[in-house]
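Architecture and fold: a report
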Amino acid sequence: MHATVSAARGQSKKRQVRWESFFDLLTRWSFLMPTILVLTVTLAYPIFYTIEISFAEFDMSSFGAGEWVGWSNYREVIGDYRFWESLKVTLVYLAIALPLQITLGFAIAFLINAEWWGRGITRALFIIPMVVAPVVAGGMWRMILDPLWGLMNYALQSIGIGPLDWFGDPDLAMAAIIIIDTWRWTPFIVLIATAALLALPKDIFDAAKIDGAGCWSTLWSVALPLLVPIITATFVIRWLGAVKMFDIVLAATYGGPGKATNVVNLFIYEEAFRSLRFAESSAMAVIVLVLTMVLTGIFLRGSRKLEERF
Amino acid sequence: MNAVSRRAVLARTAGSIILSALPFAAGAAEGLGKPGAPVEIRIMANEAFANSWQNQLVPEFNKQFPHVKVTIDGVPYAELLPKMMLDAINAAPEYDVLLIDDPWVPQLASVGGLMDLKGKAVAAFTKPDYDWADFNAAPLAAGEWKGMQYAVPVRSNMLLMFYNRTLYKKAGLPEPTPELTWDQFFDQAKSLIQDTNGDGKVDAWAVDTYFVRDSLTPTIWQAILESNGGKLLDANGKPAFNDEIGARSLEMHRDLAKYAPPGALGHGFSESLQAFRQGQVATMFTWGSVYKATAVDTKTTTLKEEEVGIQVMPVGKARAGTHRGIWNAGISSKTDSLEAAWAFVQWLSSKEGEQINAALAGSFPARKSTLASKPNEAWLEPVYKTLQHSYQLASEGEMWRIRSPKSNAAQQVLADEVARALAGQASAKDALQTAADKIASTLK
């Protein structure tokens, strides 16, 4: 009798535990659902729509995917030298702009971190380029770099350089884009790096000082290893932003001269909204998405390895 | 008795006439609105002129059609075609009238977005005195596609040569005439690079125009090509520009940059206009519609009216150069306000509308009678003469962009390849061959 009662109690307890865990799960999912729904609508749907279009003929009369054409759009894109040229231009831009911005950002953060007069004002001023609209930044820099009337050439000529044809020479045009992009985005890195430097444990630096470490060895052997996770994370965040860049190019050089600054996203934009080749541009967007995901995966793995090493 | 019955008969007759006329009167009032119940039409236009048309032209239209409420929405040029396409394919489009750039008519017509303006539905509302034959052939052809008239010219534009008389005089050169050849132009160009204030530095150059990577830059090369007797496409619609004439014409376009201000490879519409208006360049090849703001309007130019000359582009091996760029008005095929929409388009493209549009907004007319008449403003006289000349040239040499639903894609290919050749990243011959291959597969 007693056994039966305790078995029944046990079962009821189990049922209660199961119900509680189910209720807990339900509560968690109910909190998650709005986010999942919003993400599905705003992120997943456009991606799947782009993928669908990339495998179809674009039907202008319905403005959507028409007849299924398999890999035809991808073959067309892969056979288009302009796509590869624009990828090459993007890689050149990324290979120069990213390390430059990361190095400059952290270097400036080190300087700002030290106690000096006017540090607060400088920090505040650094935010300005980030809030300037890309079109305004592009237009403003077009004026600064104007070969005839620009401030930059005036300054360079005073030290015997130039005049330089910033938007007429293919190499200088790429340099101009990197300068503008670096001007816009270095402050973002400075902000992250400053916060990271402030968060570093002071006792380790005090210990290094007691051990007789100089400025250089403190930077190289103490600060940098501690900053590696932040540097790698900043690199990945900035990489994801930089790979999408096209607004500054559109405002400053229109991708020229020739094809010197025609980054892949500008090319995709033009193919879609100027040439109305939505299917082909969707295929390009999917290829760039896959490439970006693969490279981001490699960077994340590399950053984890670096973190483990330091 | 006789008098009464006569009155009764008269009253009955008058009553029946009024009653029989009522349905027509009611119908007419509905189509063009009536007091307290106006008809609304919405127009999508380039933001460059939408606002001035809304403020200057709509009040003039409303003097004749007070019960048609017109709203003109401006859209940036770069987004205009995709937005028009999206609206045109909508089951219930927002816009009744679309203001369409020259090469877009085939694209909008091919998705069934436009109404045939010579078709039965529209003809029922066409005024008997609306003279189709009065339009110059070249601008009217911009609104045509596969034998149907989908749009009419409302803001005509042509690529023309602007010149600064003061800079020509300072260089000791004769004023250009429409007979000026490309060879003469290049000979004179060297002398037009000059130091005008005697400070030892060059401050004026010979020419500025489109050199930047832009879809309109190939129109300059195309104007040179067609002035030299070359053609963009052959009779079968296949690329015909990748020949000696094409390559030579592209080299001529590249040579223009040698006589342009530093940084000219980054110059397009705005930069060349700015350089000309500031008196830095002696000539400019650009759209004629900028004439008023370049020569007359003191708010936008440093030049005086008597300083600025206008004519067609120099003469090549075959003829003088120009290029058509017409803004057309088309009516949405699904509009609910056909009568009001067509009333506005008819008014705007009539001789009266053209004259008002030219005087108030500086838009150029397309009608022969308007161009032959004495304009209200004195500055329009040389412009009208040049326009008439350029329309004839455009007709003879078929000087317009590719007419196809895929014309934008083809134009972008040309923009890429012309830009490569101008920047020296490819030879003129290679660039044109690449463009020809790509365009042939695009237009298939």
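Residues numbered from 1 in each chain as written. Chains lettered and ligands numbered in written order. Predicted model: local features only at pLDDT ≥ 70, side-chain atom pairs only at ≥ 80, totals over all residues.

Okay, the overall build of chain B next. Looking only at helices and strands, chain B has 18 helices and 13 strands in total. Across its three principal axes, chain B shows a C-alpha extent of roughly 105 × 50 × 35 Å. Burial status across chain B gives 50% buried among its 444 residues. Sequence separation of at least 24 residues holds for 73% of the intrachain contacts in chain B that already meet a minimum separation of 6. (Helix = DSSP H or I, 4+ residues; strand = E, 2+ residues; numbered from the N terminus. Buried ≥ 20, exposed ≤ 12 C-beta atoms within 10 Å, placed from the backbone. Contact = placed C-beta atoms within 7 Å.)

A separate point is the environment of A:Thr218. All names here are of chain A. Along the chain, the position of Thr218 falls in helix 10 (residues 215-242). Between the C-alpha atom of Thr218 and that of Ala208, which follows or precedes it by 10 residues, the distance is 6.8 Å. Not counting chain neighbours up to four residues away, the residues in contact with Thr218 comprise Phe205, Ala208, Ala213 and Ala223.

Turning to the sheet that holds strand 6 (residues 151-155) of chain B, a few remarks are in order. Residue and element names in this part refer to chain B. Taken in spatial order, the five strands make up an open sheet running 2-1-3-13-6, and their pairing is mixed. One side of each edge strand has no neighbouring strand; the edge strands of this open sheet are strand 2 (68-75) and strand 6. If you compare each strand with its neighbour and ignore which way they point, the axes differ by 25° on average. As defined by bridge partners, strand 1 (residues 39-46) adjoins strand 3 (residues 97-100) across two bridges and the pair is classed as parallel. Across the sheet, residue Ile43 finds its bridge partner in strand 3, namely Val97. Each of strand 1, strand 2, strand 3, strand 6 and strand 13 (327-331) touches helix 13 (residues 338-349); the most contacted strand, strand 13, lies at about 160° to it. (Pairing = 2+ DSSP bridges. Axes fitted to C-alpha atoms, helices over the stretch in contact; angles between N-to-C directions.)

Before going further, it helps to spend a moment on the sheet that holds strand 9 (residues 281-287) of chain B. Residue and element names in this part refer to chain B. The mixed open sheet is built from four strands, whose spatial order is 8-9-7-10. At either end of the open sheet lies a strand with only one pairing partner, and these are strand 8 (205-208) and strand 10 (308-311). Taking the axes of each pair of neighbouring strands and ignoring which way they run, one obtains an average angle of 20° across the sheet. As paired elements, strand 7 (residues 159-164) and strand 9 share five bridges and run antiparallel to each other.

This paragraph deals with helix 12 (residues 264-273) of chain A. With eight of 10 residues buried, helix 12 of chain A is to be regarded as a mostly interior element. Burial in helix 12 of chain A covers these residues: A:Val264, A:Asn265, A:Leu266, A:Phe267, A:Ile268, A:Glu270, A:Glu271 and A:Ala272. Of the surrounding elements, those touching the buried residues of helix 12 of chain A are helix 3 (81-113), helix 11 (247-252) and helix 13 (278-309) of chain A together with helix 17 (407-422) of chain B.

The next subject is helix 13 of chain B. Residues and elements named next belong to chain B. Compared with the 16 Å implied by 1.5 Å per residue over 12 residues, the 16 Å span of helix 13 between its first and last C-alpha is a close match. Within helix 13, 11 of the 12 residues are buried, which leaves it mostly tucked inside the rest of the structure. For helix 13, the set of buried residues is Leu338, Glu339, Ala340, Ala341, Trp342, Ala343, Phe344, Val345, Trp347, Leu348 and Ser349. (Expected span 1.5 Å × (residues − 1).)

What follows covers the domain arrangement of chain A. Residues and elements named next belong to chain A. As far as domains go, chain A holds domain 1 (2-54) and domain 2 (72-309). Centre-to-centre separation of domain 1 and domain 2, based on C-alpha positions: 42 Å. Counting from both sides, the interface comprises four residues of domain 1 and, opposite them, seven residues of domain 2. (Domains from an automatic or database assignment.)

Within the fold, B:Pro261 resides in the loop between helix 10 (244-256) and helix 11 (269-277). With 65 residues separating them in the primary sequence, B:Pro261 and B:Thr196 have C-alpha atoms 14 Å apart. Beyond its immediate chain neighbours, meaning those up to four positions away, B:Pro261 contacts A:Leu148, B:Trp205, B:Asp208, B:Ala275, B:Gln280 and B:Val281.

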